[in-house]
Amino acid sequence: MRILHCVIPAAGLGTRFLPATKVLPKEMLPVLDRPAIQWGVEEAVAAGAQKMVVVINAGKEMIQAHFTPQPQLEAVLEARGKTEELRSVRASDHLASFDWVHQDEPHGLGHAVLCAAEVVGDNPFLCLLPDDLSVGATPVLRQLHEAFGQLHTPILALKRVPKEQISRYGCATVAETRGRWHRVTRVVEKPGAGKAESDLAIMGRYVFPSSIFPALQRLKPGVGGEIQLTDGIAALLAEGEVWGVEFEGELLDVGTPLGWLETNLRLAAKHPKLMV
Ligand code: UTP
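Notes on the structure follow. From a predicted model like this one, the values you see are computed outputs, not experimental measurements.

Criteria and cut-off values
- Residues numbered from 1 in each chain as written.
- Predicted model: local features only at pLDDT ≥ 70, side-chain atom pairs only at ≥ 80, totals over all residues.
- Heavy atoms only, no water.
- Helix = DSSP H or I, 4+ residues; strand = E, 2+ residues; numbered from the N terminus.
- Near = heavy atom within 4 Å.
- Polar contact = N/O pair within 3.5 Å; in protein donor to acceptor, adjacent residues only side chain to side chain.
- 1 Å grid on protein atoms, 1.4 Å probe; cavity = no way out; pocket = protein on both sides within 12 Å on 5 of 7 lines; lining within 4 Å.
- Sits in = over half its atoms within 2 Å of the grid points.
- Salt bridge = Lys/Arg side-chain N within 4 Å of Asp/Glu carboxyl O.
- Buried < 20%, exposed > 50% of the residue type's maximum accessible area, 1.4 Å probe, protein only.

**Quick notes on unusual backbone geometry**
Here comes step 1: Across the junction of L18 and P19, the peptide omega takes the value 5°, indicating a cis bond.
Here comes step 2: You can see P19 is positioned in the loop between strand 1 (5-9) and strand 2 (30-31).
Here comes step 3: For L32, which is not glycine, the phi torsion reads 55° and is therefore positive.
Here comes step 4: Examined against the element boundaries, L32 turns out to sit in the loop between strand 2 and strand 3 (34-35).
Here comes step 5: In the Ramachandran plot, H152 falls in the positive-phi region, its phi being about 55° despite a non-glycine side chain.
Here comes step 6: Of note, H152 is situated in the loop between helix 7 (140-151) and strand 8 (155-160).

Set out below in structure tokens:
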């Protein structure tokens, strides 16, 4: 079964990037020549998705505007013969179809995903957090979609991290392994120091069945008083198998000043016009 929807939660507060994100959505911070969220949408399209469901909140309308035609700007570029610039401006309007859903309060990532329920309906869907960019031969979300095509279960992106860092992430315990695929037996959000059962961190790329929505609906607030996506994944584990892909390539952080700076430098070093 081919998946068409990709849910992109973008209603967080971006506190780690203040004061830059006081007014400007962190998803609109430029990474090289385009906003961070455009890299995410391009990855979702490369993974096979055609319908983006972006979760935003009041103050993030600028994200919506970025993916909407801007006729005045286009007219000026056309009149000035700026063909290349015009092409790049139009490219972001034609990448995919967009639905915009609102999360009124930042009740957590699980709650943000739940906000997409009505648009996604009974379909399985991809989910991508835009504060990491995928680099490598095959986009990370595509690797997950390919695994779903064979396994037909929820799929998580997994990365091995040093033991002292695992308490920053959701942590997956795994049993059976088939190459880079691991069957997940338990997930814990931000395990306390020394309590993690593995070094496999759950990263911000997923494939979910629509049954995650009622599971999220039933949840009570977890760590930090938020509705945690990891708790929704735990509920899926109670219903059936969940697999993880220890993906090839890298996810580069753009949600913190240091990560954003390093990612820009890494990408610029490979960019024909921007080599530093
Ligand atoms: P993060 O916790 O990494 O992002 O959430 P944040 O909350 O925006 O940033 P910090 O931690 O305060 O710096 C991961 C993703 O989930 C979205 C965020 O927009 C981000 O893409 N999110 C998080 C929501 O959409 N709603 C929420 O309530 C929380």
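**Focus on the site of the ligand**
Here comes step 1: Lining the immediate surroundings of the ligand are 19 residues, of which P9, T15, R16, Q103 and G108 lie closest.
Here comes step 2: Here an oxygen atom of the ligand and a backbone polar atom of L13 are 3.3 Å apart.
Here comes step 3: R16 is positioned with one of its backbone polar atoms (N or O) 2.7 Å from an oxygen atom of the ligand.
Here comes step 4: Here the ligand is seated within the largest pocket.

**Side note on the pattern of salt bridges**
Here comes step 1: Using the criterion set out here, one finds 17 salt bridges in the structure.
Here comes step 2: The partner of K26 in a salt bridge is D131, and the shortest N-O contact between them spans 3.0 Å. You can see K26 sitting in the loop between strand 1 and strand 2 and its partner D131 sitting in the loop between strand 6 (125-128) and strand 7 (132-135), a full 105 residues away along the chain. In this pair, the class of K26 matches that of D131, namely buried.
Here comes step 3: R186 serves as the salt-bridge partner of E197, at 2.4 Å between the closest nitrogen and oxygen.

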